[in-house]
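# Understanding the architecture of this molecule
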Amino acid sequence: MNTSKYDAFSKRHPLVNFLFFIGAIGCGVVIQHPAYLIAGVMGGGTYYLLLNGKKGWKMILGMLPMFVILTVINPLLNAYGVTVLFHLFGRPYTLEALMYGAAIAGVFVVMLLWFGCYNAVLTSDKFTSLFGNLIPALSLLLVMVLRMIPNFIRKAKQIIGARKSIGKGAGDESTTKEKVNDGMTVLSALTDWALEGSVITGDSMRARGYGTAKRTSFQIYRMTAMDWTLMGMIVTLLFVVIACGANGSMTATFTPDLYIAPITGLNTLGFIAYCAFLLIPTALHIKEAIQWHISRSKI
Amino acid sequence: MAHFEIKNLTFSYPTAKGKHSLEDVTLSIEKGEYVVLCGKSGSGKTTLLRHLKSVLAPHGKHSGEILFNDIPMDKVSQRDQSAKIGYVMQNPDDQIVTDKVWHELAFGLESLGTDQKTMRARVAEMACYFGIQDWFHRDVANLSGGQKQLLNLASIMAMQPEVLILDEPTSQLDPIAASDFLNTVRKINIELGTTVIITEHRMEDIFPYADRAIVMDSGRVIADDTPRNIGKLLYEQGNDMFAAMPTPVRVFYGAQGEGDCPLTVREGRNWLSKAFPEAPKVSTFPAEPLADEIENPALSMKELWFRYEKDSPDILRGVSAEVPAGSLYAIVGGNGAGKSTTLKAICGICKPYRGKVKVFGKRVEKYKSAELFKNCLSMLPQDPKSLFVKKTVREDLTEMCRNEQKIAEVAELCQVTALLDNHPYDLSGGEQQRAALAKVLLTEPKLLLLDEPTKGIDSFFKETFATILAQLKIQGITIVMVSHDVEFCAKYADMVSMFFDGQILTTDTPRRFFGSNSFYTTAANRMSRHVFQNAVTAENMIDLYKQNKEG
């Protein structure tokens, strides 16, 4: 997640990030129109690569076999469609079902890509700060759990290590029963340890006035003019996309009959809006890179 | 007007069967004072401190009165207490509530319902004052112990308290982080006038700067005076707490010096210069024979290289050492230099990708795990708590060995017989350390590895610990110890090695090792190096001083 530090979109207000991903993932789930899917894969893929650098290729290439498998499997389960390609196990294998499979697999890939970006951009602290004002108690709970999990893992490792160095604990030669027993011992020690720690945490919270007043929540992020502009763009573009969608511009049915709405006339508007919307993070990233380049060359 | 006024406070825990944890404590603490509270573990320091903040006050039978700014404590609202009385506890980790540094800084202010604008200003202020800007956005999990404790302090200071109460705040920190932390506390006291009440083991860093020292023993206040007078008083009473005094104080009284008692190394040097206007007749101990080739070393390491992950930097970069059988071998060095990793490599928990570890002449990989940890090698980890897995100390020891007589012997040796039926977590730091040692010793090791054994232990318990180690040595056990505690190593180790940059750079006897260092050395050596050549402990100095003055 280090790379996201240099990403312009990640630096925007969490609300902007959140709104964008709701739009991108929401549309991604609903729309099966091939042109839109391709736009989704391109938009999501590019941004994913910008965020993850070379490591991103691994994940993207890893999706290829998944895409193929999902596509090929669908006709086996779904025999609707008019264009029979061949028969398999006595069942027709149809072109429509194959295309439908490709569309579903495409939706899947788009979602994975956007969720990958979501994870890198909307870190836990952004998420909690976003909802901190709405439900302060819940967001504090979330923050504490987020802190507890790595703590728990670290302590477990410490106990296991300590036991190993006095010749206790399950090794490679232990039987399953011994392993289970040892696991239980470690778990119970861990619980005791955590309980003791939570008493101190509780003390520390009360010592700092927890429960003496209505909690406020510290907002580390502030909405800037740039954030408002982006918000406006996101909302407008999404509105256009949805309006066009309601008008049938992105309808695609595969079975029993293949129908894909043509991208002509007014439908073009929806498609362009969708592409523009998906390119927001990428465009921002590139814009910032260029600006940086120019401002540096002036120095 | 006194800041805190404690009048005849007596307290007993419900389980203590009438035994008082605090008895008739009467104290007055003025605004802006820097007060250090000392006493052995279990003398009631923490119990007293916790009474100074209602939400933390233990349950039990109280009598007497505590006034805060002349108002009885129970009349001061919770909100006022939260904001005005800051309390820093021992464990840096468990005190932290949230997962981000900035959020932790704001936590107290959030609880008090402070508005956004004030909160922003205060958090920014604190981050600057404590030098936290650089790690403001970091995850708490990635901070060092010292940074965590500084964060705890800063998040309390953000509420702008009038009083800062610190309960052994540096016991879990390494010496450099500890000294940084204590300097910050002192800075707060001097620059902001915040009243400070602190308990500490590390007297050298506090004692000279405190306005007042209060000594407690079994729940009573036995002395309340300036630090200089306290030193004298403890010496005259022959109190155990004298061992915790800074080196200059101990040397001064031990050697029956004349003039004002020195508190700092600087004062100590001046005092010594005055005592010896001309070079003393005996300025050095007789030379120790140079170590021979070690025959049959208990442990030998040759060119160990290790890293945790494939593309992470090397932690061990060619560690080589030979440990003679039956000795106490200490490895000192900075934080994160790889000292603990070296111990793990010896145990086979970390597998070096190059190099050899031989334990009693046999390569460590050649041992079966059951063979290695039975009757051969055993390690006491840095946090003794990680060894306790049962409800009582006795059950924990029984996990290792069913022979009751053997358990009784080991418990006797480690002085935990009286503690056998307690829950391990109810013991003090020093007691936990000894109970954990007992558990480790039940594997009957011939080679014992200790990771920071003196961390968080007061000087009195350290001496107890040292006697136990001495007894183990008599039984022929070889001890390898990794430590930050130069004073302890200088006093008790047979050999000292300096660990730096992933390797062992020098190895020598403590006297030669610390005698030739001028920064990384003991307070006694820093204080006396212009007069004596190789006095590295208070005892060494007293010895030389007396030789010159008497004979």
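Bear in mind that the values here come from a model prediction, so they are computed numbers and not experimental data.

Thresholds, definitions, all that
- Residues numbered from 1 in each chain as written.
- Chains lettered and ligands numbered in written order.
- Predicted model: local features only at pLDDT ≥ 70, side-chain atom pairs only at ≥ 80, totals over all residues.
- Helix = DSSP H or I, 4+ residues; strand = E, 2+ residues; numbered from the N terminus.
- Contact = placed C-beta atoms within 7 Å.
- Pairing = 2+ DSSP bridges.
- Domains from an automatic or database assignment.
- Nonpolar A, V, L, I, M, F, W, Y, C, P; charged D, E, K, R; others polar.
- Axes fitted to C-alpha atoms, helices over the stretch in contact; angles between N-to-C directions.
- Parallel < 35°, antiparallel > 145°, perpendicular 65-115°, else oblique.
- Left-handed = near helix turned anticlockwise from the far one by under 90°.
- Buried ≥ 20, exposed ≤ 12 C-beta atoms within 10 Å, placed from the backbone.

A few words on the overall build of chain B. A count of helices and strands for chain B gives 19 helices and 20 strands. Counting contacts in chain B only where the partners sit at least 6 residues apart, residues at least 24 apart contribute 68% of the total.

All names here are of chain B. The four strands are arranged S2-S1-S4-S5 in an open sheet whose pairing can be described as antiparallel. Looking at strand neighbours, the two that pair on one side only are strand S2 (22-30) and strand S5 (71-72), the edges of this open sheet. The pairing of strand S1 (residues 2-12) with S2 spans six bridges and is classified as antiparallel. Note on S2: the bridge partner recorded for Phe11 is Leu22.

Assigned domains of chain A: these are domain 1 (2-127 + 248-298) and domain 2 (134-207). Computed from C-alpha atoms alone, the centre-to-centre distance between domain 1 of chain A and domain 2 of chain A is 40 Å.

Residue and element names in this part refer to chain B. Along its sequence, chain B is organised into domain 1 (2-237), domain 2 (246-288 + 523-551) and domain 3 (299-522). Inter-centroid distance (C-alpha atoms) of domain 1 to domain 2 is 35 Å. At the junction of the two partners, domain 1 supplies nine residues and domain 2 supplies eight residues. When grouped by side-chain class, the residues that make up the side of domain 1 that touches domain 2 number five nonpolar, one polar and three charged.

Another aspect to go through is the interface of chain B and chain A. Contacts between chain B and chain A engage 53 residues on the former and 42 residues on the latter. The set of elements that each furnish at least two residues to the side of chain B that touches chain A consists of helix H2 (78-84), helix H3 (101-111), helix H4 (116-129), helix H11 (369-372), strand S16 (377-380) and helix H14 (429-441) of chain B. With seven residues, H3(B) is the single largest residue contributor to the side of chain B that touches chain A. Classifying every residue of the side of chain B that touches chain A gives 27 nonpolar, 15 polar and eleven charged.

All names here are of chain A. Between helix H1 (residues 14-30) and helix H8 (residues 225-246), the shortest axis-to-axis distance is 10 Å and the interhelical angle comes to 20°. By the angle between their axes, H1 is roughly parallel relative to H8. Classified by chirality, the crossing of H8 by H1 is left-handed. Counting all contacts with H1, which are made through Val16, Leu19, Phe20, Gly23 and Cys27, the residues of H8 involved are Asp227, Leu230, Met231, Ile234, Leu238 and Val241. Counted by class, the contact of H1 with H8 contains nine nonpolar, one polar and one charged residues.

Residue and element names in this part refer to chain B. Neither face of strand S6 (residues 85-88) is open: one carries Ile85 and Tyr87, the other Gly86 and Val88, and all of them are buried. Inspection of the sheet shows S6 paired to strand S7 (residues 163-167) by four bridges, in the parallel sense. Residue pairing across strands places Val88 opposite Leu166, the latter belonging to S7.

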